[in-house]
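Single-letter residue listing:
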Protein chains: 2
Amino acid sequence: MALIVHKYGGTSMGSTERIRNVAKRVAKWARAGHQIVVVPSAMSGETNRLLGLAKELSPSKQDDAYARELDALAATGEQASSALLAIALQAEGMPAVSYAGWQVTIKTNSAFTKARIESIDDKRVRADLDAGKVVIITGFQGVDDGGNVTTLGRGGSDTSAVAIAAALKAHECLIYTDVDGVYTTDPRVVPEARRLATVSFEEMLEMASMGSKVLQIRSVEFAGKYKVPLRVLSSFTDWDIDINEEAKSGTLISFEEDEKMEQAIVSGIAFNRDEAKISVLGVPDTPGIAYQILGAVADANIEVDVIIQNISRDGKTDFSFTVNRNDCAKTVELLNTKVLPKLGAEDVISDTKICKVSIVGIGMRSHVGVASKMFRILSEEGINIQMISTSEIKTSVVIDEKYMELAVRALHKAFDLDQPV
Amino acid sequence: MALIVHKYGGTSMGSTERIRNVAKRVAKWARAGHQIVVVPSAMSGETNRLLGLAKELSPSKQDDAYARELDALAATGEQASSALLAIALQAEGMPAVSYAGWQVTIKTNSAFTKARIESIDDKRVRADLDAGKVVIITGFQGVDDGGNVTTLGRGGSDTSAVAIAAALKAHECLIYTDVDGVYTTDPRVVPEARRLATVSFEEMLEMASMGSKVLQIRSVEFAGKYKVPLRVLSSFTDWDIDINEEAKSGTLISFEEDEKMEQAIVSGIAFNRDEAKISVLGVPDTPGIAYQILGAVADANIEVDVIIQNISRDGKTDFSFTVNRNDCAKTVELLNTKVLPKLGAEDVISDTKICKVSIVGIGMRSHVGVASKMFRILSEEGINIQMISTSEIKTSVVIDEKYMELAVRALHKAFDLDQPV
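Residues numbered from 1 in each chain as written. Chains lettered and ligands numbered in written order. Predicted model: local features only at pLDDT ≥ 70, side-chain atom pairs only at ≥ 80, totals over all residues.

Enquirer: Sorry if this is basic, but what is going on with the overall build of chain A here?
Expert: Along its length, chain A carries 14 helices and 22 strands. Out of the 421 residues in chain A, the part that is buried amounts to 50%. In chain A, 76% of the contacts between residues at least 6 apart in sequence involve partners at least 24 apart. (Helix = DSSP H or I, 4+ residues; strand = E, 2+ residues; numbered from the N terminus. Buried ≥ 20, exposed ≤ 12 C-beta atoms within 10 Å, placed from the backbone. Contact = placed C-beta atoms within 7 Å.)

Structural data, given as structure tokens:
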């Protein structure tokens, strides 16, 4: 008997028929003797429907009061799907109870629309589990110190599931989704892409941060921090497949480097066209400029991804970074009004027509020449590289977004990812 | 400057366009210097949509765990519409904040799907009003001592609005709806029905309890208990009509009997085909039988309306009462399994094809022969009366539901309700 957290995405919860299948699957696990906590997303399309209504009513507002109401609105999607799943489980003869974030309690900070979990009280949940109930907890949301409903941002249900698994010291967190695992790259771009049976935590972190949409990055960070074993698997298999087979399916995100992983130098190609590039030009090269620029951006709760500062010439340098495209205009305005005057920089320019392509692999640590091979492949395809950023197990380039598919396919082939292991 | 509660029904909140009109109307009142608390219903169709999903998942379940989840589910409708209205008000430049029942806090008992309000904490609301904000509070719901979300039953938003008006000692509670006031009877059944400018609290109570769908009965009870002036008016007038004209429109539910009211003997004809008739036959006529029968029914949280016990013959009597049609099967089962064996009664029979028709009027107190005139009219139309129940200002009959329209039209005409006052 083990305590296991199941997380089901919006597509898996997309209709009453699918919710019934989720209920049957969960009941199967519970009847096998496990204690099960389920974290469901809103029914697919529901969050977009709700936010669409808000947009019709207020196309432009961006202040905190508005964000508070957006969260109160969006949170209802998961509350409804959680209650529906409880009802479906009860109909299967399985005792079940649903809790909203504020009922658990899942405490977050007050950064509406992108809040962060601060603590989870497991008392109520444990009591229900011990009483033989399946416990359903709304994903995506929590409550702040002021008693306001908060949401964790898009994909936040993954983070909720992992955080709950960590708080409950769960044996494993199963992320049921509409794909059957983590692939070497997106099969819609490269049909030859292969499913990985295991992937290291660090690789998954890089892939998630690169926009492989299987898992939200914060959920992987959480899993890493609290060593929560995480498995990505399909909710579209028959609900009554053998539970031992199901327990081994999908992709396991592993915290131990085994022999097999060492074999592949590059495990996957990740890409992302959700970002925009912003450059602050002609910055006087004095200590603290990175803080002056990015401190203001962080204070506005805008997440920064790639950051590049090159050597200075004539005492001046250019400072570039990428942010989510939705934050681009806001960031440029912030820099122009609050940062540029103080900094004495020349100009701020931005470009939203970019994409980021990365090769990720734990083997890159012990192999030289991997990055240069990447640059050669792109050059052979006539693709100009705008920014480069590297880490121990990843090399990313920012290129014109129109070359994205071309770059991903060429790299996938060049690093033999289309070949069986 | 006054503190005024506005309540908007589901039809008034039925689309973003309508929500925007509600926001403009509310902003008009706030800009005229009033402190405004708004209680919106869910967007029309939303509660039915949600409960429909639940029914697809579990057609038959009726236990408490199920009811708890139904409430968690249904409550999301008002949470969404409240947040949307806050967003619409902010878009109009009017500061606004929305609260769910648990955030206010609106405390209820734990009778899921038909909970009763126990207390309302007005601290947070008053602070926001004093800060110049419009405060939006979800109708229909609250939270129990265990931190579970509860709902007040269909039409519960009216009750929420009146309870909030009472707690805040509001100057008036305006119930905006899709009709422009209270009529002598339903104009869909009798086209000659007239709008009443004022109606006494007691008459309104009888009309509401008789199924005049304008106001939920518990809201009228609440208004009576706490002397909350209540006005029913249309939300489909132009939002920018003169505020003084708007403040006098619709029907005022009055707590003082004025001259005018005395003139009409019968103010309106109410009817209801939501009930079923249940008879316990051959009950030994001993003290306490009413308690033995109805105590068990009340314990199951089933509301009883008309109750008839006739004189006994041969030491036995028949005991009849009406309940909501939805509760009929449950009530019969309850009586058969728990009450009949103990009571030594002969049988339980039920009939769902009935309706109740009532004449209501404060003038009936001082006029004789009103009830007998009613019976004569029905007899002239060939309608058989199955049950009779009377109060000071009301006479109700239970008849075959197929005669309902005929009875209502005949009575409306016979009591001159189609004539101008």
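Enquirer: Looking at this structure, how should I read the relation of the copies chain A and chain B?
Expert: Mapping chain A onto chain B is achieved by rotating through 179 degrees and translating by 0.0 Å along the same axis, at an RMSD of 0.1 Å. Here the symmetry operator amounts to a two-fold rotation axis. In terms of C-alpha distance to the rotation axis, chain A has T76 of chain A as its closest residue, with the C-alpha 2.6 Å off the axis. Most of the interface of chain A is mirrored in chain B, where 100% of its interface residues again form contacts. (Least-squares fit on C-alpha atoms with pLDDT ≥ 70 in both.)

Enquirer: Can you help me understand the nonpolar core in this one?
Expert: The nonpolar side chains of a soluble globular protein tend to be buried with one another. Grouped together as the largest cluster of nonpolar side chains are 239 residues, with contacts concentrated most on L84 and I164 of chain A together with L84 and I164 of chain B. Among the elements that line this core, the one with the most residues is helix α3 (residues 64–91) of chain A, at 16 residues. Apart from residues lying up to four places away in sequence, I164 of chain A is in contact with V5, V37, V39, I120 and I137 of chain A. (Core = buried A, V, L, I, M, F, W, Y, C linked by C-beta atoms within 7 Å.)

Enquirer: What am I meant to see in the interface of chain A and chain B here?
Expert: One frequent convention defines the size of an interface as the accessible area lost when the parts assemble. Contacts between the two partners involve 31 residues from chain A and, on the opposite side, 31 residues from chain B. Listing elements by their share of the side of chain A that touches chain B, those giving two or more residues are α1 (16–31), α2 (46–57), α3, β3 (96–99) and α4 (101–104) of chain A. In terms of residue count, the dominant contributor to the side of chain A that touches chain B is α3 of chain A (15 residues). Partitioned by chemical class, the residues of the side of chain A that touches chain B number 19 nonpolar, 8 polar and 4 charged. (Nonpolar A, V, L, I, M, F, W, Y, C, P; charged D, E, K, R; others polar.)

Enquirer: Looking at this model, I keep getting lost on the domain arrangement of chain A. Mind explaining?
Expert: When cut into domains, chain A gives domain 1 (3–179 + 214–256) and domain 2 (259–421). Computed from C-alpha coordinates alone, the two centres of domain 1 of chain A and domain 2 of chain A are separated by 32 Å. (Domains from an automatic or database assignment.)

Enquirer: What am I meant to see in the sheet that holds strand β18 (residues 316–324) of chain B here?
Expert: Strands belonging to one sheet form pairs held by backbone hydrogen bonds; the direction of such a pair is parallel or antiparallel. Residues and elements named next belong to chain B. Strands sit in the order β17-β18-β16-β19 across an open sheet of 4 strands; the sheet is antiparallel. Each of the sheet's edge strands pairs with one partner strand only, and the pair in question is β17 (304–309) and β19 (347–351). For this sheet the average axis-to-axis angle between neighbouring strands, irrespective of direction, equals 15 degrees. Relative to the sheet, helix α11 (residues 289–299) contacts β16 (275–284), β17 and β18, its axis offset from that of β17 by approximately 160 degrees. (Pairing = 2+ DSSP bridges. Axes fitted to C-alpha atoms, helices over the stretch in contact; angles between N-to-C directions.)

Enquirer: Looking at this model, I keep getting lost on the sheet that holds strand β15 (residues 268–272) of chain B. Mind explaining?
Expert: Residue and element names in this part refer to chain B. Taken in spatial order, the 4 strands make up an open sheet running β15-β20-β22-β21, and their pairing is antiparallel. In this open sheet, the two strands that pair with only one neighbour each are β15 and β21 (387–391). On average, each strand axis in the sheet is tilted by 20 degrees relative to the strand beside it, whichever way the strands run. Pairing geometry for β15 and strand β20 (residues 354–360), over 5 bridges, is antiparallel. If you follow N272 over to β20, its bridge partner there is K356. Helix α13 (residues 370–380) rests against β20, β21 and β22 (394–400) of the sheet, and its axis sits at about 20 degrees to β22.

Enquirer: Before we go on, may I ask you to explain unusual backbone geometry in this structure?
Expert: Both trends apply: most residues other than glycine have a negative phi, and most peptide bonds are in trans. Residues and elements named next belong to chain A. The omega torsion of the bond from V104 to T105 falls at 0 degrees, within 30 degrees of zero and hence cis. Mapped onto the fold, T105 is located in the loop between α4 and β4 (106–108). Of note in this structure, K169 is not a glycine but carries a positive phi near 50 degrees. Looking at where K169 falls in the secondary structure, it is placed in the loop between α6 (156–167) and β9 (172–177).

Enquirer: Would you explain helix α1 (residues 16–31) of chain B in this entry?
Expert: All names here are of chain B. In a regular helix each residue adds 1.5 Å, so 16 residues correspond to 22 Å; α1 covers 22 Å between its end C-alpha atoms and thus fits that length. Among the residues of α1, those classed as buried are I19, R20, N21, V22, A23, R25, V26, W29 and A30. Once α1 ends, the next one or two residues include G33, with phi positive near 100 degrees. (Expected span 1.5 Å × (residues − 1).)

Enquirer: Explain the packing of α1 of chain A against helix α2 (residues 46–57) of chain B to me, please; I cannot follow it from the model alone.
Expert: Geometry of a packed helix pair, given as the angle between the helix axes and the separation of the axes. Relative orientation of the contacting elements α1 of chain A and α2 of chain B amounts to 50 degrees, with a least axis distance of 10 Å. In this view, α1 of chain A runs oblique relative to α2 of chain B, as classed from their interaxial angle. Judged by the twist between their axes, the crossing of α1 of chain A over α2 of chain B is right-handed. Along its contact with α1 of chain A, which presents T16, I19 and R20 of chain A, the element α2 of chain B presents L53, E56 and L57 of chain B. Of the residues belonging to the contact of α1 of chain A with α2 of chain B, the class tally is 3 nonpolar, 1 polar and 2 charged. (Parallel < 35°, antiparallel > 145°, perpendicular 65-115°, else oblique. Left-handed = near helix turned anticlockwise from the far one by under 90°.)

Enquirer: Just to check I follow, could you spell out the packing of helix α13 (residues 370–380) of chain A against helix α14 (residues 404–414) of chain A for this structure?
Expert: Residue and element names in this part refer to chain A. Packing of α13 against α14 brings their axes to within 10 Å, and their N-to-C directions diverge by 130 degrees. Classified by the angle their axes make, α13 and α14 are oblique. The way α13 lies across α14 gives a crossing that is right-handed. Together, K373, M374, I377 and L378 of α13 and A407, A410, L411 and A414 of α14 make up the contact between the two elements. In terms of residue class, the contact of α13 with α14 is built from 7 nonpolar, no polar and 1 charged.

Enquirer: Looking at this structure, I do not really get the confidence of the model for chain A. What am I missing?
Expert: When the pLDDT values of chain A are averaged, the result is 89; 96% of them are 70 or greater. Here the predicted complex carries an ipTM of 0.74, next to a pTM of 0.77. (pLDDT = per-residue confidence, 0-100.)

Enquirer: What is the right way to look at the environment of A197 of chain B in this model?
Expert: Residue and element names in this part refer to chain B. Within the secondary structure, A197 sits in the loop between β11 (195–196) and β12 (198–200). With 15 C-beta atoms packed within 10 Å, A197 lands in the partly exposed category. Through-space distance from the C-alpha of A197 to that of V360 is 16 Å; in sequence the pair is 163 residues apart.

Enquirer: Just to check I follow, could you spell out the pairing of strand β13 (residues 230–234) of chain B for this structure?
Expert: Residues and elements named next belong to chain B. In terms of residue burial, β13 counts as a mostly covered element, since 4 of its 5 residues are buried. With 5 bridges connecting them, strand β9 (residues 172–177) and β13 associate as parallel partners. Among the inter-strand pairings, C173 is bridged to a residue of β13, identified as L230. With 3 bridges connecting them, β13 and strand β14 (residues 251–254) associate as antiparallel partners.

Enquirer: How should the pairing of β14 of chain B be read in this particular structure?
Expert: Side chains on a regular strand alternate between the two faces of the sheet. Across 3 bridges, β12 of chain B lies against β14 of chain B in parallel orientation. Each residue of the ladder has a partner; that of S200 of chain B, found in β14 of chain B, is S254 of chain B.

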